[in-house]
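Spelled out, the chains give:
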Amino acid sequence: MNTSVAAPWRGYWPAAPTPFAADGSLDEGAWRALLALYAENGVHGVLVNGTTGEWFSQTPEERRRVAEIAVAELSGQIPVVIGCGAYTAAESARYGEHARSIGADGILTTPPPYVHPSQDEIHAFYATLAGAVDLPLMVYNWPRGTAVDITVETLARLAELDTVVAVKDSSGDELKVADTCAALSGKVQVFGRFIHRRGMAVMAEFGGAGNIDGGGLGARFAVPFYEAYWAGDLPLAREWSARYERLVNLLVNDDYSSRFASPTSQLKAAMRLLGQPGGHVRPPLLPLEDPSALLGLSEALDEAGLHSRSTSTGNSATTGNSISTGKR
C-alpha cells in the first residue's frame, strides 16, 4: 500500500484535450501551446489521454506521441499522468510501460469499458496492471463512460495494491465520494468534486486531494481556490469556490453531461471561443456548430466571467480578468 507521500498528487488538474487539426491530424504545435498554457496557469498536475483526450480515437502511435510531448514539455514542473484506457490489462500495461519509459509520473485507467466487469473482475484488472507496470497508478471510477460503478469496498481493496496511490471518482455521487474519502483516508489520494463548501468540509475531515476537470476551463478559479484553502484562508477559498461553481453550473449537468453538446465537443468549442489551443474533435465526435448552441455557450462563458476579455492567441496565462493564484 502506498501513502500520499509516495505520490503527493493534489490540487487542480486539467484532463487535457488532445488538439486535432481541421483535417483530423494531431496538431503538435497546438498541443505544446496548450501544455504551456497549463503551466502558466499554475495547475497542479495534468492528465493526458484520458476521456477528454479522446484516447479512443487515437492510434497507438499517436497516444504514445501525445504522451511523449507532454512529458518532454512539463517534466519537472508538475506531475504528468498518462491515461492507459483499454479493454484488457495487457493492453493497458503496454501503454503504462511506455509511460514509464519516457519518465511519466504515473498512469490512470478506468475499468475496461463496454464489458461491464464485476467487482472481482475490476480488482483483477487493476491487480494485473499494478503488477505489470512499476509506476504510481490512479484508479478512475467513471460510471457514465464504463457502465460500472466501483464500490467503496472495491476501492478499499484496490488501495492495498502496491502501486495504487490515487482514485479519481467521477461518479457524481457526492455522498459516495465522502464515504470513499473516509474509507481511504491516509491510504491514497482521492480526487472528486471538492470546490464547494460541502467539499471543503469533506477535505477538512477526510483529506480529499483535489479536482481533475475536463479541459481546465475552471483553472482561473480553481487554482487560487486550492492555494487559499491550503493556506488556511477559508473566506477567500469560499469566494473562489463560488465563482468556480457558477462556471460549472452554467456548463455541466449533475451527471457530468454537458449543456450544449457532448462534453469534449462543448469543451473544444468553448476553448475556441476563449482563444485557447484546444483544436478540433475527431470522429466519432462531431464539432459544435449549431449557431444557437454556440451563442448559448458564449453567453454562459461571459456570465461566468471568462469570455469578455478572451485572447486571440491562446498563449496568455489567463483568459478574462487577470487573477492572482497565490503562487510566488
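Before reading further, recall that the structure is shown in the block above.
In this convention, every chain numbers its residues from 1, walking through the sequence in written order. Thresholds applied to this predicted model are a pLDDT of at least 70 for local features of residues and 80 or more for the giving and counting of side-chain atom pairs; totals over whole chains, interfaces and linings are not thresholded and use all residues. Side-chain metrics in this entry use all non-hydrogen atoms of the structure; hydrogen atoms and water are not considered.

**A word on the overall build of the protein**
Stated formally: Helix numbering and strand numbering both begin at the N terminus, where a helix is a DSSP run of H or I of at least 4 residues and a strand a DSSP run of E of at least 2. Atoms counted for the radius of gyration: C-alpha only. Globule rule: 2.2 Å times residue count to the power 0.38. With residues, only the protein chains shown are counted as cover, and all accessible areas are computed by Shrake-Rupley using a 1.4 Å probe. Charge assignment in this entry is limited to Lys and Arg as positive and Asp and Glu as negative, and neither His nor the chain termini are counted. The location of each charge is read from NZ of Lys, CZ of Arg, CG of Asp or CD of Glu.
Secondary structure assignment for the protein yields 12 helices and 8 strands. For the protein, whose C-alpha radius of gyration is 18 Å, the value lies close to the compact-globule estimate of 20 Å for 328 residues. Here the C-alpha coordinates of the protein stretch approximately 50 × 45 × 35 Å along the principal axes. Split by element, the accessible area of the protein, about 13,300 Å² in all, is 51% carbon and sulfur. Distance from the positive charge centre (26 side chains) to the negative charge centre (36 side chains) of the protein: 4 Å.

**So, unusual backbone geometry**
The condition that has to hold: Relative accessibility thresholds used throughout: buried, under 20% of the residue-type maximum; exposed, over 50%; partly exposed, between the two (1.4 Å probe, protein chains only).
For the bond from P283 to P284, the omega torsion is 15 degrees, close enough to zero to count as cis. Tracing the backbone shows P284 in the loop between α11 (263-273) and α12 (291-304). Despite not being glycine, N49 shows a phi value in the positive range, around 60 degrees. Within the element layout of this structure, N49 appears in the loop between β2 (46-48) and α2 (60-74). Judged by its relative accessible area of 2%, N49 is buried. Of note in the backbone geometry, E54 takes a positive phi value of approximately 55 degrees without being a glycine. Considering the arrangement of structural elements, one finds E54 in the loop between β2 and α2.

**A word on the packing of α2 against helix α3 (residues 89-102)**
Let me state the cut-off plainly: Axis definition: a line fitted to C-alpha atoms, limited for helices to the stretch in contact. Angles are taken between N-to-C directions and run from 0 to 180 degrees. Oblique is the label for every angle not falling under 35 degrees (roughly parallel), over 145 degrees (roughly antiparallel), or within 65 to 115 degrees (roughly perpendicular). We call a crossing left-handed when the near helix sits turned anticlockwise from the far one by less than a right angle, and right-handed when that turn is clockwise. Two residues form a contact once any of their heavy atoms are found within 4.5 Å. We call Asp, Glu, Lys and Arg charged. Ala, Val, Leu, Ile, Met, Phe, Trp, Tyr, Cys and Pro are nonpolar, and the rest, Gly among them, are polar.
In the contact formed by α2 and α3, the axes pass within 10 Å of each other and the chain directions differ by 30 degrees. What the angle tells us is that α2 and α3 run roughly parallel. Considering only the axes of α2 and α3, their crossing is right-handed. Contacts between α2 and α3 involve P60, R63, R64, A67, E68 and V71 on the former and, on the latter, Y95, H98 and I102. When the residues that make up the contact of α2 with α3 are grouped by side-chain class, the tally is 5 nonpolar, 1 polar and 3 charged.

**Brief notes about the pairing of strand β5 (residues 137-141)**
The test is simple: When DSSP finds two or more bridges between a pair of strands, those strands are recorded as paired.
In terms of residue burial, β5 counts as a mostly covered element, since 5 of its 5 residues are buried. Side chains L137, V139 and N141 of β5 all project onto a buried face; the interleaved residues M138 and Y140 project onto the opposite face, where all are buried too. The pairing of strand β4 (residues 106-109) with β5 spans 3 bridges and is classified as parallel. Following the sheet pairing, I107 is matched in β5 by L137. Relative to strand β6 (residues 164-169), β5 is paired through 5 bridges, and the arrangement is parallel. Residue Y140 lies in a different strand from β6, and its bridge partner there is K168.

**Remarks on helix α10 (residues 234-251)**
Applicable threshold: One fewer than the residue count of a helix, multiplied by 1.5 Å, yields its expected span. Here a polar contact is taken to be a pair of N or O atoms separated by no more than 3.5 Å, where protein atoms must pair a possible hydrogen donor with a possible acceptor and residues adjacent in sequence count only if both atoms sit in side chains.
The end-to-end C-alpha distance of α10 is 26 Å, a good match for the 26 Å that 18 residues give at a rise of 1.5 Å each. Elements in contact with the buried residues of α10: β1 (11-15), α8 (197-206), β8 (210-214), α9 (219-230), α11 and α12. The N-cap residue of α10 is D233: its side-chain oxygen and the backbone nitrogen of L236 are 3.2 Å apart.

**Side note on a nonpolar patch on the surface**
Filter applied, for reference: For patch detection, residues must exceed 30% relative accessible area and be free of salt bridges, and they are connected within 9 Å for like charges or within 5 Å for nonpolar side chains (Val, Leu, Ile, Met, Phe, Trp, Tyr). In the sections that follow, a salt bridge refers to a side-chain nitrogen of Lys or Arg positioned within 4 Å of a carboxyl oxygen of Asp or Glu.
On the surface, Y87, Y114 and V115 cluster together into a nonpolar patch covering about 390 Å² of accessible area. For Y87, a relative accessible area of 47% gives the class partly exposed.

**Thoughts on the pairing of β6**
What counts, and what does not: Place the viewer so that the strands point away; then a crossover is right-handed whenever the path from the first strand over the helix to the second strand goes clockwise.
For β6, the tally of buried residues reaches 6 of 6 residues, placing the bulk of the element in the interior. Summarising the sheet, β6 and strand β7 (residues 189-191) pair through 3 bridges and their orientation is parallel. Directly across from A166, in β7, lies its bridge partner Q189. Once the chain exits β6 it traverses helix α7 (residues 174-184) before rejoining the sheet at β7, and the crossover so formed is right-handed.

**So, the layout of surface pockets**
The following threshold applies: A cavity here means a set of 1 Å grid points, computed over protein atoms only, where a 1.4 Å probe fits but cannot escape. A pocket is an open set with protein on both sides within 12 Å along at least 5 of 7 lines, and lining residues have an atom within 4 Å of a point. Grid points are joined across faces, edges and corners, and a volume is the space filled by probe spheres set on the points.
Here the second largest pocket is characterised by a volume of approximately 160 Å³. For the second largest pocket, the lining is made up of 14 residues, of which E174, L175, A178, H196 and V202 are closest to its centre. Listing elements by their share of the lining of the second largest pocket, those giving two or more residues are α7 and α8. No other element matches the 4 residues that α7 contributes to the lining of the second largest pocket. When the residues that make up the lining of the second largest pocket are grouped by side-chain class, the tally is 6 nonpolar, 3 polar and 5 charged.

**Here's the deal with the pattern of salt bridges**
Note on pairing: side chains with opposite charge can pair once their charged atoms come close. If you walk through the whole model with that rule in mind, you get 13 salt bridges. Of the charged contacts in the structure, one is a salt bridge between E62 and R282, with a shortest N-O distance of 2.8 Å. Here R282 lies in the loop between α11 and α12 and E62 lies in helix α2, a separation of 220 residues in the sequence. In this structure, D149 engages K176 in a salt bridge whose closest nitrogen and oxygen atoms are separated by 2.5 Å. Taken as a pair, D149 in the loop between α5 (143-146) and α6 (152-158) and K176 in helix α7 lie far apart in primary sequence, 27 residues in all. For D149, a relative accessible area of 35% translates into the label partly exposed. When salt bridges that share partners are traced, they join E28, R32, R65, E68 and E73 into one network.

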